[in-house]
Amino acid sequence: MHYLRKSLLFSFLLTFFTLLACAQNGQTFLQFEGREGPGKGKHIVLVAGDDEYRSEESMPMLAKILSTRYGFKTTVLFPIEPGTGNVVPNYQNNIPGLEQLESADLMIMLIRFRELPDEQSLYIENFLKAGKPIIGLRTSTHAFAYQKNKESKFAKWTWNGKEAGWEKGFGKRIFGETWVNHHGIHAKEGSRSLIDGVQQMNDHPVLRGVKDIWVPEDVYGIQSLPKEAEVLIYGQSTAGMDDQAPLMWEKSVMPIAWTKPYQIDGGKPGMAFASTMGSSLGFQSADLRRLVLNASFWLVGMSETITPDLNVEYVGEYKPTNFGFDTFRKGMRVADFK
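Notes on the structure follow. Only a predicted model underlies this, so the values are computations on that prediction, with no experimental measurement involved. (Residues numbered from 1 in each chain as written. Predicted model: local features only at pLDDT ≥ 70, side-chain atom pairs only at ≥ 80, totals over all residues. Heavy atoms only, no water.)

## Quick word on the overall build of the protein chain
Link 1 in the chain: The secondary structure content of the protein chain amounts to six helices and 10 strands.
Link 2 in the chain: The C-alpha atoms of the protein chain give a radius of gyration of 20 Å, which matches the 20 Å a tight globule of 338 residues would have.
Link 3 in the chain: Judged by the C-alpha coordinates and their principal axes, the protein chain covers about 85 × 45 × 40 Å.
Link 4 in the chain: Looking at the 338 residues of the protein chain, the share that counts as buried comes to 57%.
Link 5 in the chain: Long-range pairs, those at least 24 residues apart, make up 74% of the contacts in the protein chain between residues at least 6 apart in sequence.
Link 6 in the chain: When the accessible surface of the protein chain is totalled, it reaches about 14,700 Å², and 54% of it is carbon and sulfur.
Link 7 in the chain: With 37 positive and 38 negative side-chain charges, the protein chain shows a separation of 4 Å between the mean positions of the two kinds. (Helix = DSSP H or I, 4+ residues; strand = E, 2+ residues; numbered from the N terminus. Rg over C-alpha atoms; globule rule 2.2 N^0.38 Å. Buried < 20%, exposed > 50% of the residue type's maximum accessible area, 1.4 Å probe, protein only. Contact = heavy atoms within 4.5 Å. Areas by Shrake-Rupley, 256 points an atom, 1.4 Å probe, with all protein chains shown as cover. Lys, Arg positive; Asp, Glu negative; His and termini not counted. Charge placed at Lys NZ, Arg CZ, Asp CG, Glu CD.)

Right, here's the structure in full:
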């Protein structure tokens, strides 16, 4: 009888926690179980959290392509305002669900100036210590800004930090660069990709099938990528905000996509891919989507599956909001981004 009671209690608790975990899907995160495909059995966590470039829209779009078309299990995390439960991109202190990184094979982030509780940041640190691969898009070069809790062990991640070994913060240490400036004129000039011909001729897997990318987000200034970074694409400013705008050859080109090995104290070596492209509107470019998918396959050791004609079409509708501060859709819940 005693054994039966313990067995029933165990079954109840197992059912309870299973239901609780399921209840979070659509409430504090989105999770898409992978269908059949080369990525089946692997888990990608996509982290949205920027004030301007509508990553709360683009990350679910990418997750659905990776899951539906290629079989990856994908999880999308959002900046959530605790008082309302709404997705509020300019609420900088809460991205629940980062424990999903414990089972992740790859993290894709597009975040800006976050100051997360230590218990959340710890999952990112553990992910990096494991040497797992990471993709950083657009503002992820300046992902963190600790302004309130400067005693946090993660305050060294601040984009302009000065702590030895973490000078210029997380972006510099992991991706190779921090925030420098708008090299192009923000919201007036776009960016045309100039693919590195040597890398292309050498058949770099990340560049397979990538031929033409124009994005409305301007070129970011890049001051000092480390020598171990490998630039794949340079960006040339365009004199206007459409894909027919002429190139501004009087402006110097800047790296806009590169790879870089990383390693943090006490951790294993890992590999990063970074791009300063990545607005919600920018992802209307099929070849930008292709670039990120190729990088994902390459980073998880599946280069042989990358072909020039990988299907990068949307799964369902994708109607992105224009980027800008406070342009996010108000009152949105996590489930609204399915």
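## Describing the sheet that holds strand β1 (residues 29–32)
Link 1 in the chain: Within the open sheet, the 10 strands sit side by side as β1-β3-β2-β4-β5-β10-β9-β8-β6-β7. Their pairing is mixed. The outermost strands of the open sheet, each flanked by one partner alone, are β1 and β7 (214–215).
Link 2 in the chain: Pairing of β1 with strand β3 (residues 73–77) involves four bridges; the strand directions are antiparallel. Looking at the pairing, Phe32 lines up with Thr74 of β3.
Link 3 in the chain: Across the sheet, helix α6 (residues 286–299) touches β4 (106–111), β5 (134–137), β7, β8 (230–238), β9 (254–262) and β10 (270–275), and the angle it forms with β5 is around 160°. (Pairing = 2+ DSSP bridges. Axes fitted to C-alpha atoms, helices over the stretch in contact; angles between N-to-C directions.)

## Notes on the packing of aromatic side chains
Link 1 in the chain: For the structure on display, the rule yields 12 aromatic pairs.
Link 2 in the chain: With a centroid separation of 4.9 Å and an interplanar angle of 50°, the aromatic rings of Phe144 and Trp157 are classed as tilted. Of this pair, Phe144 sits in the loop between β5 and α4 (169–175) while Trp157 sits in the loop between β5 and α4, and the two are 13 residues apart along the sequence. Per residue, the accessibility class of Phe144 equals that of Trp157, and both read buried.
Link 3 in the chain: Relative to Phe175, the ring of Phe170 lies with its centre 6.0 Å away and its plane at 70°, an arrangement referred to as edge-to-face. Accessibility assignment for this pair places Phe170 and Phe175 in one class, buried.
Link 4 in the chain: Ring pairs connect the aromatic residues Phe144, Phe154, Trp157, Phe170 and Phe175, which therefore count as one cluster.
Link 5 in the chain: Over the ring of Tyr220 we find Arg138, and its NZ or CZ is 3.8 Å from the ring centre.
Link 6 in the chain: Positioned over the ring face of Trp166 is Arg173, at 4.7 Å from the centre of the ring. (Phe/Tyr/Trp six-rings, centres within 6.5 Å; stacked < 30°, edge-to-face > 60°. Lys NZ or Arg CZ within 6 Å of the ring centre and 35° of its normal.)

## As for the nonpolar core
The tendency in soluble globular proteins is for nonpolar side chains to be buried side by side.
Link 1 in the chain: Counting residues in hydrophobic clusters, the biggest one holds 87 residues, and the most contacted among them are Ile108, Ile124, Ile134, Phe170 and Leu291.
Link 2 in the chain: Aside from chain neighbours lying at most four places away, what touches Ile124 is Leu98, Leu101, Met107, Leu116, Phe144, Trp157 and Phe170. (Core = buried A, V, L, I, M, F, W, Y, C linked by side-chain atoms within 4.5 Å.)

## Examining the packing of helix α2 (residues 55–70) against α6
Link 1 in the chain: Across the interface, α2 lies against α6 with an axial gap of 11 Å and an inter-helix angle of 60°. Considering their axes alone, α2 and α6 lie oblique with respect to each other. Where α2 crosses over α6, the two elements pack in a sense that is right-handed. Residues Met61, Leu62, Ile65, Leu66 and Tyr70 of α2 form the contact with α6, whose participating residues are Arg289, Val292, Leu293, Ser296 and Phe297.
Link 2 in the chain: Of the residues belonging to the contact of α2 with α6, the class tally is eight nonpolar, one polar and one charged. (Parallel < 35°, antiparallel > 145°, perpendicular 65-115°, else oblique. Left-handed = near helix turned anticlockwise from the far one by under 90°. Nonpolar A, V, L, I, M, F, W, Y, C, P; charged D, E, K, R; others polar.)

## Points about the side chain of Arg112
Link 1 in the chain: Its location among the elements puts Arg112 in the loop between β4 and α3 (118–129).
Link 2 in the chain: With a relative accessible area of 14%, Arg112 lands in the buried category.
Link 3 in the chain: Separated by 3.1 Å, the side chains of Arg112 and Asp51 make a polar contact.
Link 4 in the chain: Setting aside anything within four residues of it in sequence, one finds Arg112 in contact with Gly49, Asp50, Asp51, Thr139, His142, Ala143 and Phe325. (Polar contact = N/O pair within 3.5 Å; in protein donor to acceptor, adjacent residues only side chain to side chain.)

## Thoughts on the pattern of salt bridges
Link 1 in the chain: Within the structure shown, the criterion is met by 14 salt bridges.
Link 2 in the chain: Asp51 is the salt-bridge partner of Arg114, the closest N and O atoms lying 3.3 Å from each other. Taken together, the positions of Arg114 in the loop between β4 and α3 and Asp51 in the loop between β2 (43–49) and α2 put the pair 63 residues apart, joining distant regions of the chain. Here Arg114 matches Asp51 in class, with each residue buried.
Link 3 in the chain: Across the pair Glu57 and Arg329 runs a salt bridge, and its minimum N-O distance is 3.3 Å. A residue pair is termed long-range when its members are at least 10 positions apart, and Glu57 in helix α2 and Arg329 in the segment after α6 qualify at 272 residues.
Link 4 in the chain: Accessibility expressed as a relative area gives 6% for Glu57, which makes it buried.
Link 5 in the chain: One salt-bridge network, held together by shared partners, links Asp51, Arg112 and Arg114. (Salt bridge = Lys/Arg side-chain N within 4 Å of Asp/Glu carboxyl O.)

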